[in-house]
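# Observations on the model geometry
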Amino acid sequence: MRLINLWRNSAMPRRLRLTVGATLIAFLSTHCALAADSSPQVTLNVAKASPRNVEALTQRSIVRDYKFAWANLDLALESNSAGPLNGLFAGNANAELNEAVGSQRKSGITSRYLNQTHKLEAAFYAPEGDVIELHDTAEYDLEILDGGKAIHTEHAIIHYIVLMTPGADRWVVRQLQAVPQF
Amino acid sequence: MSSSINTVCRNRRLRCCAYGIALACCLSAAVLAQDLSLRAPSGAVAGSAASIGTSGSGSATFYMIGPSLSLKRDVELGQDITLSSQELQTAGRYIAIVCTNNCSSVGFFVAPAKPVNLTFLVHPSRAPVAQNDAVSGVALTFDEYHNLVIAPTAIQFQLAAKGSSPASHGAQTHDGIAWFRTSSGKSAGPLQVSASLSNEVTARRVVQQVASEPCNLRIKGERTSKGIVVETDPLRDCSGNPVPDGTVVTFTAKNGNLTSSVDSPVKQDVARATMLATGPVIISAASGVAMGNELRLGGKE
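Residues numbered from 1 in each chain as written. Chains lettered and ligands numbered in written order. Predicted model: local features only at pLDDT ≥ 70, side-chain atom pairs only at ≥ 80, totals over all residues.

## Considering the overall build of chain A
Counting its regular elements, chain A contains four helices and five strands. Put simply, chain A runs from its N terminus to its C terminus through helices and strands in the order α-α-β-α-α-β-β-β-β. Evaluated residue by residue, chain A yields a buried proportion of 31% over its 182 residues. (Helix = DSSP H or I, 4+ residues; strand = E, 2+ residues; numbered from the N terminus. Buried ≥ 20, exposed ≤ 12 C-beta atoms within 10 Å, placed from the backbone.)

## Here's the deal with the overall build of chain B
Within chain B, the secondary structure is distributed over one helix and 24 strands. Considering chain B as a whole, with its 301 residues, one finds that 35% of them fall into the buried category. Relative to all contacts within chain B whose residues are 6 or more apart in sequence, the contacts with residues 24 or more apart total 57%. (Contact = placed C-beta atoms within 7 Å.)

## Considerations on helix 3 (residues 56-79) of chain A
Residue and element names in this part refer to chain A. Taking 1.5 Å of rise per residue, the 24 residues of helix 3 would be expected to cover 34 Å, and the 35 Å separating its terminal C-alpha atoms lies within 8% of that figure. Inspection of helix 3 places Thr 58, Ile 62, Asp 65, Tyr 66, Ala 69, Trp 70, Leu 73, Asp 74, Ala 76 and Leu 77 among the buried residues, and these make up the whole buried set. In the core, the buried residues of helix 3 are packed alongside strand 1 (41-45), helix 4 (91-107), strand 2 (109-125), strand 3 (132-146), strand 4 (149-166) and strand 5 (171-179). With its phi angle positive at about 50 degrees, Asn 80 sits one or two positions after the end of helix 3. (Expected span 1.5 Å × (residues − 1).)

## Observations regarding unusual backbone geometry
In most cases, non-glycine residues show a negative phi, while peptide bonds are predominantly trans. Omega for the bond connecting A:Ser50 with A:Pro51 falls within 30 degrees of zero, at 0 degrees, which places this linkage in the cis form. Residue B:Pro124 follows B:His123 across a cis peptide bond; omega there is -10 degrees. Looking at the secondary structure, you find B:Pro124 in the loop between strand 9 (117-123) and strand 10 (126-128). We note that A:Asn115 has phi near 50 degrees; this positive angle belongs to a residue other than glycine. A:Asn115 gets classed as partly exposed once you count the C-beta atoms within 10 Å, which come to 13.

## Observations regarding the domain arrangement of chain B
For chain B, the assigned domains are domain 1 (1-35), domain 2 (36-111), domain 3 (117-210) and domain 4 (219-297). Spacing between the C-alpha centres of domain 2 of chain B and domain 4 of chain B amounts to 77 Å. (Domains from an automatic or database assignment.)

## What to know about the interface of chain A and chain B
Counting residues at the interface gives 30 residues for chain A, matched by 30 residues for chain B. Those elements giving two or more residues to the side of chain A that touches chain B turn out to be helix 4, strand 2, strand 3, strand 4 and strand 5 of chain A. Across the side of chain A that touches chain B, the residue classes break down as 16 nonpolar, eight polar and six charged. (Nonpolar A, V, L, I, M, F, W, Y, C, P; charged D, E, K, R; others polar.)

## Some remarks on the sheet that holds strand 13 (residues 167-172) of chain B
All names here are of chain B. The mixed open sheet is built from five strands, whose spatial order is 10-16-15-12-13. Unpaired on one side and paired on the other, strand 10 and strand 13 mark the two borders of the sheet. Across the sheet, the axes of successive neighbouring strands diverge by a mean angle of 25 degrees, strand direction being ignored. Bridge count between strand 12 (residues 154-161) and strand 13: six bridges; the pairing is antiparallel. Residue Ala 154 lies in a different strand from strand 13, and its bridge partner there is Gln 172. (Pairing = 2+ DSSP bridges. Axes fitted to C-alpha atoms, helices over the stretch in contact; angles between N-to-C directions.)

## A look at the nonpolar core
Soluble, globular proteins show a tendency: their nonpolar side chains are buried together. By size, the foremost hydrophobic cluster in this structure holds 61 residues, and its most contacted members are A:Phe89, A:Leu97, A:Ile132, A:Val162, A:Met164 and A:Val173. What A:Met164 contacts, discounting residues up to four positions off in sequence, is A:Ile62, A:Ile132, A:Leu134, A:Trp171, A:Val172, A:Val173 and A:Arg174. Membership of the second largest hydrophobic core comes to 24 residues, among which are A:Ile151, B:Ala46, B:Ala50 and B:Ala91. (Core = buried A, V, L, I, M, F, W, Y, C linked by C-beta atoms within 7 Å.)

## Let's talk about the environment of A:Pro166
Residues and elements named next belong to chain A. Of note, Pro 166 is situated in strand 4. Each C-alpha atom, one on Pro 166 and one on Ile 132, is 8.9 Å from the other, the two residues being 34 residues apart in sequence. Excluding anything up to four places from it in sequence, Pro 166 contacts Asp 130 and Trp 171.

## Observations regarding helix 4 of chain A
Residue and element names in this part refer to chain A. An ideal rise of 1.5 Å per residue puts 24 Å on 17 residues; helix 4 measures up with 25 Å between its terminal C-alpha atoms. Taken together, the buried positions of helix 4 are occupied by Asn 92, Ala 93, Glu 96, Leu 97, Ala 100, Val 101 and Gln 104. Projected onto a plane normal to the axis of helix 4, the buried residues spread over an arc of 165 degrees and lie on a single side. Backbone geometry just downstream of helix 4 places Gly 108 in the positive-phi region, at approximately 75 degrees. (Arc of directions from axis to C-beta.)

## Focus: the environment of A:Ser79
Residues and elements named next belong to chain A. With respect to the helices and strands, Ser 79 occurs in helix 3. The exposure class of Ser 79 is partly exposed, given the 14 C-beta atoms found within 10 Å. For Ser 79 and Ser 111, which are 32 residues apart along the polypeptide, the C-alpha to C-alpha distance reads 8.5 Å.

## Remarks on the confidence of the model for chain A
When pLDDT is averaged along chain A, the result is 86; 79% of the residues meet or exceed 70. Every residue in residues 22-36 of chain A scores below 50 in pLDDT, and together they form zero contacts with partners more than four places removed in sequence or on other chains. (pLDDT = per-residue confidence, 0-100.)

Right under this line is the structure:
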């Protein structure tokens, strides 16, 4: 409130004040929109899950952790740093993504996965709940850059077969394999 | 009049010129696009070499981005780009890109190789006997590069317990997974569970089948100088298996309004307790859902 009053009483001409205000609002709204876009959108359908039903709490955890995993996958491949992969990817998925980051760094390439949406469908949930197989129809804008120069951009729709297992406090991605179709 | 004819002619010439330039642009773009066209390998399999066809001439930069690798190298257009078996070990989607002044790309999939590894999850490690759907197993098929083999594969599950003929169950993987669920056997002891992949690869696990809850509980006791010593007959489950050591039996002594209880673990099939009580008492025992007989001391049983 005090800030608004200071702004109102400032010595700036009214027109200039309006222009600066509008620019500020436009800047903030653009950046808020970008921030909203950068977070992957994940939905999960468990209607076909068998032999075990996916409990509501498990559904929420899977959506939360898968979303977090993809946000960090994007971060890792954009910054060529394996750090963001830790704790969210395990086993084979972790090894492969670490290799991907290492070879990107070596060849000077970076990748970006923008505007991600993931439609997950639970295909198999083990009787004891220790592994779940998901079908992910992922849609994103893929951008591949060599030293900052875009060499490939596409709006891709990719099918992934995903294996997730429960860890101590989260679900981790163990297998992330793109397939031509389900 | 003549000036208007001239204007028309000039306009027509200009239009012709513009069409010519546009056509030339389109042609040159088409030629450039043709120069950079790539032919993706068809039916690429993990761990097998493949090649990408290129058209055009001159040198270019080739990039390939896969699930676990990114590579960049110089290539000659018009020649096939060879991809080694090491470069195609991971199944998934690859993007091949060739750049000169502009870039052209093609995407392709690498399929998993044949299954040679099994991940076999069996639960639980200890199961009570004669329980419905007590034992379950999940088998996942992988190739030698740790890719999940999606193609249907036959898996043979076998369950063998001491003293009974082995049971076999065949299943086909669906998206790399096959599973079974079965009841536990009637005898306590190890249950050997195995999953086989065309008899070449076998994964084995052991489930320890243990006795279920005690079925019949009978107690006997006598007064001694130290108190009342009570003990059970050897404890068995309903299938006749001796219950495991450590199974708790609760002895309760009632003397009028006074009640006292003692929890005693089973040792070598029998649970024992010494209870301090004077006068006539009624002693009973319970373990799990089984209730024992009542024992009356100081009166009649």
